[in-house]
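These are the residues of each chain, in order.
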Amino acid sequence: MKVHMLQVDGLSFIDKMSFRNFNECKRLKTSVVKHKTVFKGTSQLGADRIYATNENRRYCTGNSIFTCFPKKGPKKHSKAEKILSSEISKQRATVMKGIFGTHKDHYGLRKIKVRGEKREMLMVLFATMAANAVKIAKKRNREEPAPREKAA
């Protein structure tokens, strides 16, 4: 099975699951539209180099979306663009890849033991939901203020 996921603030959203091969770089436009529908806008995008097609570059440029794609030709990034591009690349590499590793190691996706397409899809869906729920719970626990002690 191949899964294409969107990630926002460390949470994973399944964009497409299929047992048939598909080229994920063709999903960029669809993914951006879905992101805009749910989160009301996109200004930055981190993705693997496979997504850096001419078509995707034009789409991102036309929609004022800054990417971590390397520049083509003799053009150079400005200093601010280099810093932003580097940060987006670093976040993509550490956060995205880390989340996939966590899903595999802690939520049973390293080796799916159920049989049948529908069951496998459910396994991926439930593992992703569980990982997101744990991440949200941890974030809420960090944000909650400690209870105040009553003065005697």
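Above this text you will find the structure in question.
Residues numbered from 1 in each chain as written. Predicted model: local features only at pLDDT ≥ 70, side-chain atom pairs only at ≥ 80, totals over all residues. Heavy atoms only, no water.

Q: Which residues make up the side chain of T42, and what values do they have?
A: Relative to the elements of secondary structure, T42 occurs in the loop between α1 (28-39) and β3 (44-45). Overall, the relative accessible area of 15% leaves T42 in the buried class. For T42, the side chain forms a polar contact with the side chain of H35, separated by 2.8 Å. Not counting residues up to four positions away in its chain, the partners in contact with T42 are V32, H35, K36, S64 and I65. (Helix = DSSP H or I, 4+ residues; strand = E, 2+ residues; numbered from the N terminus. Buried < 20%, exposed > 50% of the residue type's maximum accessible area, 1.4 Å probe, protein only. Polar contact = N/O pair within 3.5 Å; in protein donor to acceptor, adjacent residues only side chain to side chain. Contact = heavy atoms within 4.5 Å.)

Q: Describe the nonpolar core, naming the residues involved and giving the relevant values.
A: Counting residues in each nonpolar core, the largest one holds 11 residues, listed as C25, L28, V32, L45, A47, Y51, A52, Y59, C60, I65 and F69. Listing elements by their share of this core, those giving two or more residues are α1 and α2 (54-62). (Core = buried A, V, L, I, M, F, W, Y, C linked by side-chain atoms within 4.5 Å.)

Q: Describe the pairing of strand β1 (residues 2-8), naming the residues involved and giving the relevant values.
A: One ladder, built from seven bridges, connects β1 with strand β2 (residues 11-18); its direction is antiparallel. Bridge pairing in β2 places M5 opposite I14. (Pairing = 2+ DSSP bridges.)

Q: Mind laying out the pattern of salt bridges, listing which residues take part and the relevant values?
A: Where charged atoms of side chains with opposite charge meet at close range, the side chains can pair. By the definition in use, this model includes four salt bridges. A salt bridge links D15 to K34; the nearest nitrogen and oxygen atoms lie 2.7 Å apart. You can see D15 sitting in strand β2 and its partner K34 sitting in helix α1, a full 19 residues away along the chain. D15 gets classed as buried once you look at its relative accessible area, which sits at 9%. Taking relative accessible area as the criterion, K34 reaches 35% and is therefore assigned partly exposed. Salt-bridge contacts for K29 lead to E55; the nearest nitrogen and oxygen are separated by 2.8 Å. Of this pair, K29 sits in helix α1 while E55 sits in helix α2, and the two are 26 residues apart along the sequence. Residue classification places K29 among the partly exposed residues on the basis of a relative accessible area of 30%. On the basis of relative accessibility, which here comes to 38%, the residue E55 falls in the partly exposed class. (Salt bridge = Lys/Arg side-chain N within 4 Å of Asp/Glu carboxyl O.)

Function cannot be inferred from these measures alone, as they are strictly geometric.
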